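# Structural overview for review
The chain contents come next:
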Amino acid sequence: MNKKQIIILSIVFIILVTAVAFKFFIQGQDVRAAKEVYAPLSLSFDPAVVEKIVIERGVGTAPVELVKENGQWSVKSFWGAKADEEKVKSLLDALQGAKGELRSADKALLKDFGIEDQDAIVLKLKNAADASLLDLKIGTQKAGFDGFFIRKAGASEVYFADVPFDRLL
């Protein structure tokens, strides 16, 4: 290679390095501007008061009922089989600390999230008097790796929450 070719290749190399550095600088600003906005979902309830958890799929299906009797959780709908205490505690803790990002407030879009009353997975928390503490609808459309679409019963606001319901229920 002669001296002229080395100079031309050096200039091309410097231009490429500058362009790549500029691209990373611009992308870094775009990523910071496009962060997701998670807010607490205010699913307020006292885990110590929860005495019953009802899980059902849509309307008209047989629910799975977890009942707390004498301080022990059992699956009432499966002949009183003992429930995994740690899993129940993890579910209640995850619900209490859930954060989400608003995805829709339009009732017409509920079907897109698989979160209509007849399609959604229903999760109800009840106290000893069988009064509802929380009535939550979980969408059947998967949203990312660990996320699910959720909404409170009767509400039209759909949130993306990164609560791993598939491992907690």
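Now for a description of the structure that goes with this document.

This next bit is on the packing of aromatic side chains. On inspection of all chains with the given rule, the structure shows 3 aromatic pairs. On the basis of an interplanar angle of 75 degrees and a centroid distance of 5.9 Å, the ring pair of F148 and F165 is categorised as edge-to-face. One end of the pair, F148, is in strand β9 (residues 148-152); the other, F165, is in helix α3 (residues 165-168), and 17 residues separate them in sequence. We note that F148, like F165, is buried. Grouping aromatic residues by their ring pairs yields a cluster made of F113, F149 and F160.

Tracing the backbone through its elements, the reader meets D84 in the loop between β5 (81-82) and α2 (85-96). In this structure D84 comes out as partly exposed when scored by relative accessible area, which is 48%. In the structure, D84 is positioned 79 residues away from V163 in sequence and 18 Å away in space, judged by C-alpha atoms.

Sheet architecture is open: 10 strands sit in the order β1-β6-β10-β9-β8-β7-β2-β3-β4-β5, paired in antiparallel fashion. The outermost strands of the open sheet, each flanked by one partner alone, are β1 (39-40) and β5. The pairing of strand β8 (residues 132-138) with β9 spans 3 bridges and is classified as antiparallel. Looking at β9, one finds that L136 is bridged to K152.

Let's shift gears to the nonpolar core. Counting residues in each nonpolar core, the largest one holds 26 residues, and the members touching the most others are I53, L66, L95, L123, L125 and F165. Among the elements of the structure, β2 (52-57), β4 (72-75), α2, β7 (121-126), β8, β9 and α3 are those that each provide at least two residues to this core. For this core, the element with the highest residue contribution is α2, accounting for 4 residues. Not counting residues up to four positions away in its chain, the partners in contact with I53 are V64, E65, L66, W73, V88, L91, L92, L123, K124 and L125.

Before going further, it helps to examine the environment of G58. For G58, the position within the fold is in the loop between β2 and β3 (64-69). For the pair formed by G58 and D117, sequence separation is 59 residues and the distance between their alpha carbons is 6.1 Å.

Attention now moves to the pairing of β7. Direction of pairing for β2 relative to β7: antiparallel, over a ladder of 6 bridges. Bridge pairing links K52 to K126 in β7. Relative to β8, β7 runs antiparallel, the two sharing 6 bridges. Each bridged residue has a counterpart across the sheet, and for K124 the counterpart in β8 is D135. Count of turn residues in the β7/β8 antiparallel hairpin: 5 residues, of which D130 carries a positive phi of about 65 degrees.

Turning our attention to the pattern of salt bridges. Here the structure, examined in full by the defined rule, presents 7 salt bridges. Put simply, D93 and K89 hold a salt bridge, and the shortest N to O gap is 2.9 Å. Within this pair, D93 and its partner K89 are both found in helix α2, separated by 4 residues, close to a single helical turn. The exposure class of K89 is partly exposed, given its relative accessible area of 45%. Measuring nitrogen to oxygen at the nearest pair gives 2.8 Å for the salt bridge that ties R151 to D117. Of this pair, R151 sits in strand β9 while D117 sits in the loop between β6 (99-104) and β7, and the two are 34 residues apart along the sequence. Within the structure, one salt-bridge network assembled from shared partners comprises K52, E65 and D130.

Turning our attention to α2. The end-to-end C-alpha distance of α2, which contains 12 residues, comes to 17 Å, matching closely the 16 Å that a straight helix rising 1.5 Å per residue would cover. Those residues of α2 not exposed but buried are V88, L91, L92 and L95. Buried residues of α2 fall within an arc of 95 degrees about the axis and therefore sit on the same side. Of the surrounding secondary structure, the elements contacted by the buried residues of α2 are β2, β3, β4, β7, β8 and α3.

About the cut-offs
Residues numbered from 1 in each chain as written. Predicted model: local features only at pLDDT ≥ 70, side-chain atom pairs only at ≥ 80, totals over all residues. Heavy atoms only, no water. Phe/Tyr/Trp six-rings, centres within 6.5 Å; stacked < 30°, edge-to-face > 60°. Helix = DSSP H or I, 4+ residues; strand = E, 2+ residues; numbered from the N terminus. Buried < 20%, exposed > 50% of the residue type's maximum accessible area, 1.4 Å probe, protein only. Pairing = 2+ DSSP bridges. Core = buried A, V, L, I, M, F, W, Y, C linked by side-chain atoms within 4.5 Å. Contact = heavy atoms within 4.5 Å. Salt bridge = Lys/Arg side-chain N within 4 Å of Asp/Glu carboxyl O. Expected span 1.5 Å × (residues − 1). Arc of directions from axis to C-beta.

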